[in-house]
Amino acid sequence: MTKRALITGITGQDGAYLAQHLLGQGYEVHGAVRRSSHGGVADHRLVWLGVLEDVVLHDANLVDMASLARLIDQVKPDEFYNLAAQSFVATSWQQPILTTQVTALGVTHALEALRLIKPDTRFYQASSSEMYGLIQQDMQSEKTPFYPRSPYAVAKLYGHWITVNYRESFGMHASSGILFNHESPLRGREFVTRKVTDGVARIKLGMTNELRLGNIDAKRDWGHARDYVKAMWLMLQQDQADDYVVATGRTTTVRDMCRIACEHAGIDMDQHIVIDPELFRPAEVDILLGDAGKAREKLGWEAETSLEDMICEMVDADMRRLQDPIAYIPRSPAL
Ligand code: NDP
Ligand code: GDP
């Protein structure tokens, strides 16, 4: 029997890689897409991975529970991956209420719609290492207390606990993946890795001369999205639902990540990086470092891609995109 998966946030970085992974496993893949006047452009990541024609897209929004309920009733998914979110920390201070509606309450909309219509569906919630915020332990595991530092992180904490609560209250197969930062050529350009690789490629091609950044002393545990979506899938293949940290176990400053990108492109970092105080955040998460021991032991999962390989892949992809923009204009049919 072919398994059916429904992914919210399928047009995002993780949604695209997860769709690709599930198709490779023989799944029928459905995705919820929110209506936008940029229809077509929204599909660019699925186009990049060459999977747009193989997935079924539906109109639904996480803040509209009725749209989720209708979709669940129509698709009757075996697995539901809730990846949709207002996912950018900096924006969460500009739009804290929207962030709460989508990133927090949206999780309850999805869980409640499943509980009412198809409670045996296995559920994955995209939780975040940002929930650790002001870290309470040097290495963060499933047992580390949380201390969120942004409206985004507070919203994710709600999403995490409501997932645990539906598992414990209603016996639903609901798992929460506490994923540390993961990047790829499909990362949004507002996030620091992609901002750096895109900026470095532009400098290399003579399109600009500077790259403006905020706190480059911040440290993150960065992995590759392609590796991390495999952990999401593995969580839903377990007999028991549970919570797992997914991380590499290595932390690096933004500064050193920049250095990798600059060295790969052959440009002198000190000539081009400008520190812009406007880009500092009202409250910072200084350092994150994950302990993925449980995922290794129970799921057999391990990060496969080094930071160096990932950043070089991203710089190369940005060079290609900037040199031949016409080739990368998404051309997708209307929904
Ligand atoms: P992206 O920002 O790339 O993707 C977010 C997705 O959510 C997009 O498809 C977006 O649609 C969709 N979305 C936003 N608002 C709504 C809404 N109201 N209704 C329906 N869909 C909506 O994020 P990532 O792929 O990087 O991350 C996936 C998930 O994992 C997110 O929940 C994120 O917070 C979480 N996470 C990510 C980490 C990372 O390092 N990448 C780390 C830990 C957690 P559209 O294309 O229209 O904008
Ligand atoms: P986050 O961990 O989800 O907030 O991922 P980001 O990629 O947005 O940010 C990672 C870290 O890089 C944070 O500590 C930011 O403060 C820091 N940073 C420094 N300069 C920048 C910048 O110009 N843009 C972004 N997005 N982050 C920056």
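Residues numbered from 1 in each chain as written. Chains lettered and ligands numbered in written order. Predicted model: local features only at pLDDT ≥ 70, side-chain atom pairs only at ≥ 80, totals over all residues. Heavy atoms only, no water.

**Digging into the site of ligand 2**
- Around ligand 2 sit 19 residues, and of these Glu130, Gly214, Arg220, Arg281 and Glu284 come closest.
- Note that an oxygen atom of ligand 2 is positioned 2.8 Å from one of the side-chain N or O atoms of lysine 195.
- Residue glycine 214 places a main-chain N or O atom 2.8 Å away from a nitrogen atom belonging to ligand 2.
- Its free accessible area being 530 Å², ligand 2 has 96% of it covered by the protein chains.
- For the shell around ligand 2, the secondary-structure elements that each account for two or more residues are helix H7 (192-204) and strand S8 (211-213).
- Per-class residue counts for the shell around ligand 2 are nine nonpolar, three polar and seven charged. (Near = heavy atom within 4 Å. Polar contact = N/O pair within 3.5 Å; in protein donor to acceptor, adjacent residues only side chain to side chain. Areas by Shrake-Rupley, 256 points an atom, 1.4 Å probe, with all protein chains shown as cover. Helix = DSSP H or I, 4+ residues; strand = E, 2+ residues; numbered from the N terminus. Nonpolar A, V, L, I, M, F, W, Y, C, P; charged D, E, K, R; others polar.)

**Here we look at the pattern of salt bridges**
- Going through the model one piece at a time under the given rule, you end up with 20 salt bridges.
- Residues arginine 189 and aspartate 198 are paired through a salt bridge, measuring 3.7 Å at the closest nitrogen-oxygen approach.
- Assessed through its relative accessible area of 10%, aspartate 198 is described here as buried.
- Ionic pairing is found between arginine 259 and aspartate 256, a salt bridge with its closest N-O pair at 2.9 Å. Linking arginine 259 with aspartate 256, this pair stays in helix H9 (residues 254-265), spanning three residues, or about one helical turn.
- Taking relative accessible area as the criterion, arginine 259 reaches 34% and is therefore assigned partly exposed. (Salt bridge = Lys/Arg side-chain N within 4 Å of Asp/Glu carboxyl O. Buried < 20%, exposed > 50% of the residue type's maximum accessible area, 1.4 Å probe, protein only.)

**Focus: the sheet that holds strand S5 (residues 122-128)**
- Here seven strands make up an open sheet; going across it, the order is S3-S2-S1-S4-S5-S6-S11 and the pairing parallel. The sheet is open, and its two borders are formed by strand S3 (56-59) and strand S11 (243-246), each paired with just one other strand. With direction set aside, neighbouring strand axes in the sheet form an average angle of 20°.
- Bridge count between strand S6 (residues 174-179) and S11: four bridges; the pairing is parallel. Note that in S11 the partner of serine 176 across the bridge is aspartate 243.
- Here helix H6 (residues 151-170) sits on the sheet in contact with S5, S6 and S11, set at roughly 150° to S5.
- Where helix H8 (residues 225-236) meets the sheet, its contacts fall on strand S4 (79-82), S5, S6 and S11, and the angle it forms with S6 comes to roughly 160°. (Pairing = 2+ DSSP bridges. Axes fitted to C-alpha atoms, helices over the stretch in contact; angles between N-to-C directions. Contact = heavy atoms within 4.5 Å.)

Any functional reading would require information that these geometric values do not contain.
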